[in-house]
Amino acid sequence: MRVFNTQEEYNLYHYRRELRRTANGMGIFLLISFLLEIVLSVVTLVVRSIGTPYAELIEDTLGTMIESGLISTLIFFFVSLVYAIIKRADFSALFPFCKTSAGTIALFVIVGLTVTLMANYVSDMVTAVFGMFGADNSVEMSYAVDSPLSVILYFFTVAVIPALVEEFAFRGVILGSLRKYSDALAVVVSAGLFALMHGNFVQIPFAFIGGLVFGFVVVKTNSLLPSIIIHFLNNGLSVLLDVLSNNGDGAFYGTNLFWNLLLLLLVLVSAVLIAVITRRKPELLRFSDSDNVIAYRQKLGTVCSSPGIIAFAAVMLVYAVYVLMGV
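Residues numbered from 1 in each chain as written. Predicted model: local features only at pLDDT ≥ 70, side-chain atom pairs only at ≥ 80, totals over all residues. Heavy atoms only, no water.

1. Digging into the overall build of the protein chain
Thinking step 1. Across its full length, the protein chain carries 12 helices and zero strands.
Thinking step 2. Each helix and strand of the protein chain, placed in order from N terminus to C terminus, yields the pattern α-α-α-α-α-α-α-α-α-α-α-α.
Thinking step 3. Here the protein chain, with 327 residues, has 43% of them falling under the buried criterion.
Thinking step 4. Long-range contacts, defined as pairs at least 24 residues apart, comprise 80% of the intrachain contacts of the protein chain with a sequence gap of at least 6.
Thinking step 5. Entry remark: accessible area of the protein chain is about 17400 Å², with carbon and sulfur atoms responsible for 68%. (Helix = DSSP H or I, 4+ residues; strand = E, 2+ residues; numbered from the N terminus. Buried < 20%, exposed > 50% of the residue type's maximum accessible area, 1.4 Å probe, protein only. Contact = heavy atoms within 4.5 Å. Areas by Shrake-Rupley, 256 points an atom, 1.4 Å probe, with all protein chains shown as cover.)

2. A word on the packing of aromatic side chains
Thinking step 1. Evaluation of the coordinates by the stated rule reveals 14 aromatic pairs.
Thinking step 2. With 5.6 Å between their ring centres and 85° between their planes, tyrosine 15 and tyrosine 181 make a pair best called edge-to-face. With tyrosine 15 in helix H1 (residues 7-49) and tyrosine 181 in the loop between helix H6 (148-178) and helix H7 (183-197), this pair connects stretches of sequence that are 166 residues apart. This pair shows no difference in class: tyrosine 15 is buried, exactly as tyrosine 181 is.
Thinking step 3. Each ring, one from phenylalanine 91 and one from phenylalanine 95, has its centre 5.5 Å from the other, and the planes form 45°; the classification is tilted.
Thinking step 4. Residue phenylalanine 95 is classed as buried on the basis of its relative accessible area, which comes to 11%.
Thinking step 5. An aromatic cluster is built from Phe29, Phe76, Tyr83, Phe170, Phe194 and Phe214, whose rings are joined through pairwise contacts. (Phe/Tyr/Trp six-rings, centres within 6.5 Å; stacked < 30°, edge-to-face > 60°.)

3. Structural notes on the packing of H7 against helix H11 (residues 296-304)
In a packed pair of helices, the relevant descriptors are the angle between the two axes and the axis-to-axis distance.
Thinking step 1. Direction vectors running N to C along H7 and H11 enclose 35°, while the axes themselves pass 10 Å from each other. For the crossing formed where H7 meets H11, the hand is right-handed. Of the residues in H11, those touching H7 at Ala184, Leu185, Val188 and Val189 are Tyr296, Lys299, Leu300 and Val303. (Axes fitted to C-alpha atoms, helices over the stretch in contact; angles between N-to-C directions. Left-handed = near helix turned anticlockwise from the far one by under 90°.)

4. A look at unusual backbone geometry
Thinking step 1. Positive phi outside glycine occurs at asparagine 222, with the angle close to 55°.
Thinking step 2. With respect to the helices and strands, the residue asparagine 222 is situated in the loop between helix H8 (204-221) and helix H9 (225-245).
Thinking step 3. Under the relative-accessibility criterion, asparagine 222 is labelled partly exposed at 32%.

5. Some thoughts on the pattern of salt bridges
Thinking step 1. Scanning all chains against the criterion turns up three salt bridges.
Thinking step 2. Salt-bridge contacts for lysine 180 lead to glutamate 18; the nearest nitrogen and oxygen are separated by 3.0 Å. Within this pair, whereas lysine 180 is found in the loop between H6 and H7, its partner glutamate 18 is found in helix H1, the two being separated by 162 residues in sequence.
Thinking step 3. What makes glutamate 18 partly exposed here is its relative accessible area of 37%.
Thinking step 4. For arginine 179, the salt bridge identified is with aspartate 183, shortest N-O distance 2.9 Å. (Salt bridge = Lys/Arg side-chain N within 4 Å of Asp/Glu carboxyl O.)

6. Regarding the packing of helix H5 (residues 102-132) against H9
Thinking step 1. Two numbers describe how H5 lies on H9: the axes approach to 9 Å, and their chain directions differ by 40°. As far as their axial angle goes, H9 and H5 are oblique. Crossing angle aside, the handedness with which H5 passes H9 is right-handed. For the pair H5 and H9, the contacting residues are Ile105, Phe108, Val109, Gly112, Leu113, Thr116 and Leu117 in the first and Leu225, Pro226, Ile229, Ile230, Leu233, Asn234 and Leu237 in the second. (Parallel < 35°, antiparallel > 145°, perpendicular 65-115°, else oblique.)

7. Digging into H11
Thinking step 1. Turning to H11, its buried residues are Lys299, Thr302 and Val303. Down the axis, H11 shows its buried residues gathered within 100° of arc, on one side only. (Arc of directions from axis to C-beta.)

8. Topic: the nonpolar core
Thinking step 1. Among the nonpolar cores identified, the biggest contains 70 residues, and Leu30 and Phe170 are the most heavily contacted of them.
Thinking step 2. Among the elements that take part in this core, H6 stands out by supplying 10 residues, more than any other. (Core = buried A, V, L, I, M, F, W, Y, C linked by side-chain atoms within 4.5 Å.)

9. Digging into the side chain of asparagine 24
Thinking step 1. Counting through the fold element by element, asparagine 24 comes out in helix H1.
Thinking step 2. A distance of 2.6 Å separates the side chain of asparagine 24 from the backbone nitrogen of glycine 308, its partner in a polar contact.
Thinking step 3. Sequence-distant contacts of asparagine 24, defined by excluding residues within four places in its chain, comprise Ser306, Pro307 and Gly308. (Polar contact = N/O pair within 3.5 Å; in protein donor to acceptor, adjacent residues only side chain to side chain.)

10. Digging into the environment of alanine 119
Thinking step 1. Its place among the elements puts alanine 119 in helix H5.
Thinking step 2. Taking the C-alpha atoms as reference points, alanine 119 and proline 205, separated by 86 residues in sequence, lie 7.8 Å from one another.
Thinking step 3. Non-local contacts of alanine 119, meaning those with residues more than four positions away in its chain, are made with Phe206 and Ile209.

So far we have only geometry, and geometry alone does not tell us how the molecule works.
The structure is reproduced here in structure tokens:
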């Protein structure tokens, strides 16, 4: 039996134990989501291989992408929902939609979208570094779309569903569960887990930066709406650019010009907005710790050393190496 010399020591012990238990639960629920995704992917592969009508329905690359996207997001949604129910979570706290002014939403959407789009360059640099050592760290993100229906399905699968489901899980369940310990901790941990869940080295840095943006926006607005909008616009632009770049000769160069001009405009507007906000409402760009029971580093260390988080991180990093090696 553990003996405590002071009430403060007792409170500290139980605080860290509760935080570790919360982190363990998150790691386990993410691990279950990933393993279920693998199992169902194998099942659908078997179904396709035996020549069923279902196999004919998704015989092309786009169909396969839609299938894998739906499997991933739907599993993730239901496992997240079950986790929240088991934890008897307050859904109004996990999924906040507090009334926020249109101006504040526009501010965070513009600046947040700018940062997430620029994060693509970080992924490009990571890919280039791996390429120097002969490793193919690229991820196939382009699909043939030859009809309005295929464009709609592509857009719905890549832009609409992930923006809703991933924000529900990471900025809702995970970030919302950790905010009582620290807003900064909640943002960083949810971003790290979001990055690992992507399971490949080309998307991990991009997803981590994006996760920081989404989490920061949720914390500062107490609403999931702005992060859902940013996530939707980021993915939606990727689909739009992919469709345009594959639509006829010379389209690739026109698409690149559109992308560069759009990003330049967003950077300029964001710089002006940040300068104005820094002078008028600097609190919008600051974090405040939710409690001061223990230091932030101790909180982060407690989360990272929990068995559930370690197991999830190990599995996802092994899977990322598997993807990198093209086994």
